[in-house]
Structures are given as C-alpha cells and as structure tokens.
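Observations on chain architecture
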Amino acid sequence: MLRDVFGKTFRLIGYTVQYGCIAHCAFEYLGGIVVCSGQSMEPTIQHSDIVFSENLTCHFYNIQKGDIVIAKNPTDPKSNICKRVIGLEGDKVCTSSPSDFLKTHSYVPKGHVWLEGDNLRNSTDSRCYGPVPYGLIKGRICFKLWPLSDFGFLRASPNSHRIFND
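Bear in mind that the values here come from a model prediction, so they are computed numbers and not experimental data.

1. A short note on the UniProt feature "domain: Peptidase S26" (unreviewed entry) in the protein chain
Under the feature "domain: Peptidase S26" (unreviewed entry), the UniProt entry names residues 16-95 and 103-146. Annotated as residues 16-95, this span is 24% helix and 39% strand, and its ends, taken at the C-alpha atoms, are 49 Å apart. Summarising residues 103-146: 9% helix, 45% strand, and an end-to-end C-alpha distance of 37 Å.

Structure, rendered in structure tokens:
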C-alpha cells in the first residue's frame, strides 16, 4: 500500500514537471496573453486591454516597422513596455516631440529599434531613452482579445507620418 502511494506521488510529480516544462516553453517561445496598462498606446490599445503576444517573430529577428511590441523597459528592467516600432537599424527617425518647432532626426544604430507610443503627448519612449536594443524585445502583439467589441487585429498607427520609408 505504501508502495502505491509513493508510486502515485512520484507519477504526479513527474507529470507536473513535464507539463510545467511544456507550459514554460510555450509561453517563452510561442507567446502568451498580456494585460496592457497605461495610456501611451491610445487609441490603438486602451488601459486594461488584453492582447495576444507572439514571440517567434522576435526570435527570428523579423520585427517590421509598424509592429507593436512588448519589450523590457530600458530604464526599469523589472517592468515591460508596449510600444510601436517606428524605425529599425539604419533608419532615419524623427527624435523630436510633435510640438517642437524645429524637427531633429537621427539614425537608429545597428542592433537597435526606435519605439514610440501611439499617444505621442503621453508616452515615455525612445524620444526619452533613445534607441532600444533588439534583445530587449520579448514579443510582437498580434491581436486584441478584450474587450470583445475590439476583438481582432490591431489597427495601423495614427502616427504613420512619423514612419519614414527610405
């Protein structure tokens, strides 16, 4: 009887470890569900919207201009940010705020991306902390899950004029 109890316990532990490893790999390499907070991506993503983020694109270095990504915050590695890719390495980007009279431009260095929120007046982004290393990108947002009225793929950037196509 004691042997049966130990056998069932070890089987349960084995299954738990196996399924835990499968879940870890799925969330690390395939993607997961993310709850967004803050106002920097309005009107595209509202505070408390729930989105699906896939991770394969960033593992294969296939991020494109216009994609919305989840990345580690360059100024606070314990938190994540949700921003739109405005420029890839070598691209010319506008580094000034929309309200600035004189516009300044710069080039994104190798291995980096330029990230900005859709709500330019209420976003801390690459205009504040500069280009973001590609390695900090954790995933690309595919579509919105919640609220159900907005379920589906995300709309284009309201600031598409800031994305240069050289």
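Here the narrative resumes.
2. Details of the nonpolar core
Grouped together as the largest cluster of nonpolar side chains are 12 residues: Cys58, Ile63, Val69, Ala71, Ile81, Val85, Val113, Leu115, Tyr129, Val132, Tyr134 and Ile137. Within the residue set of this core, elements represented by two or more residues are β3 (68-73), β4 (76-87) and β7 (112-116). If sequence neighbours within four positions are ignored, Tyr134 has contacts with Thr57, Cys58, Tyr61, Asn62, Ile63, Gly111, His112 and Val113. Counting residues in each nonpolar core, the second largest holds eight residues, with Ile68, Ile70, Cys82 and Ile141 among its members.

3. Topic: unusual backbone geometry
Excluding glycine, residues mostly carry a negative phi; peptide bonds, for their part, are mostly trans. Between Glu42 and Pro43 the backbone carries a cis peptide bond, its omega angle lying at 10 degrees. As for its position among the elements, Pro43 is in the loop between β1 (31-35) and β2 (50-54). That bond from Trp146 to Pro147 is cis: its omega, 5 degrees, falls within 30 degrees of zero. Residue placement: Pro147 occurs in the loop between β9 (137-146) and β10 (152-153). Even without glycine at this site, Ser48 takes up a positive phi of about 75 degrees. With respect to the helices and strands, Ser48 occurs in the loop between β1 and β2. With relative accessibility at 40%, the residue Ser48 sits in the partly exposed group.

4. Remarks on the UniProt feature "active site" (unreviewed entry) in the protein chain
Following the UniProt record, the feature "active site" (unreviewed entry) maps to Ser40 and Lys83 here. The greatest C-alpha distance among the annotated residues, which extend across 44 residues, is 7.8 Å, indicating that they converge on a single site. Residue placement: Ser40 occurs in the loop between β1 and β2. Within polar-contact distance, the side chain of Ser40 engages the side chain of Lys83 at 2.9 Å. For Lys83, a relative accessible area of 5% gives the class buried.

5. What about the pattern of salt bridges?
Side chains carrying opposite charge are able to pair once their charged atoms draw close together. Scanning the model with the defined rule gives five salt bridges in all. Residue Lys65 is joined to Asp91 by a salt bridge in which the shortest nitrogen-to-oxygen separation is 3.4 Å. Here Lys65, found in the loop between α2 (56-59) and β3, pairs with Asp91, found in the loop between β4 and β5 (92-94); they are 26 residues apart in sequence, far enough to count as distant. Lys65 gets classed as partly exposed once you look at its relative accessible area, which sits at 25%. Since its relative accessible area comes to 15%, Asp91 is described here as buried. Taking the shortest distance from any N to any O, the salt bridge between Asp125 and Arg127 comes out at 2.9 Å.

Rules and cut-offs
Residues numbered from 1 in each chain as written. Predicted model: local features only at pLDDT ≥ 70, side-chain atom pairs only at ≥ 80, totals over all residues. Heavy atoms only, no water. UniProt positions renumbered as here; feature names shortened; annotations may be inferred. Helix = DSSP H or I, 4+ residues; strand = E, 2+ residues; numbered from the N terminus. Core = buried A, V, L, I, M, F, W, Y, C linked by side-chain atoms within 4.5 Å. Buried < 20%, exposed > 50% of the residue type's maximum accessible area, 1.4 Å probe, protein only. Contact = heavy atoms within 4.5 Å. Polar contact = N/O pair within 3.5 Å; in protein donor to acceptor, adjacent residues only side chain to side chain. Salt bridge = Lys/Arg side-chain N within 4 Å of Asp/Glu carboxyl O.

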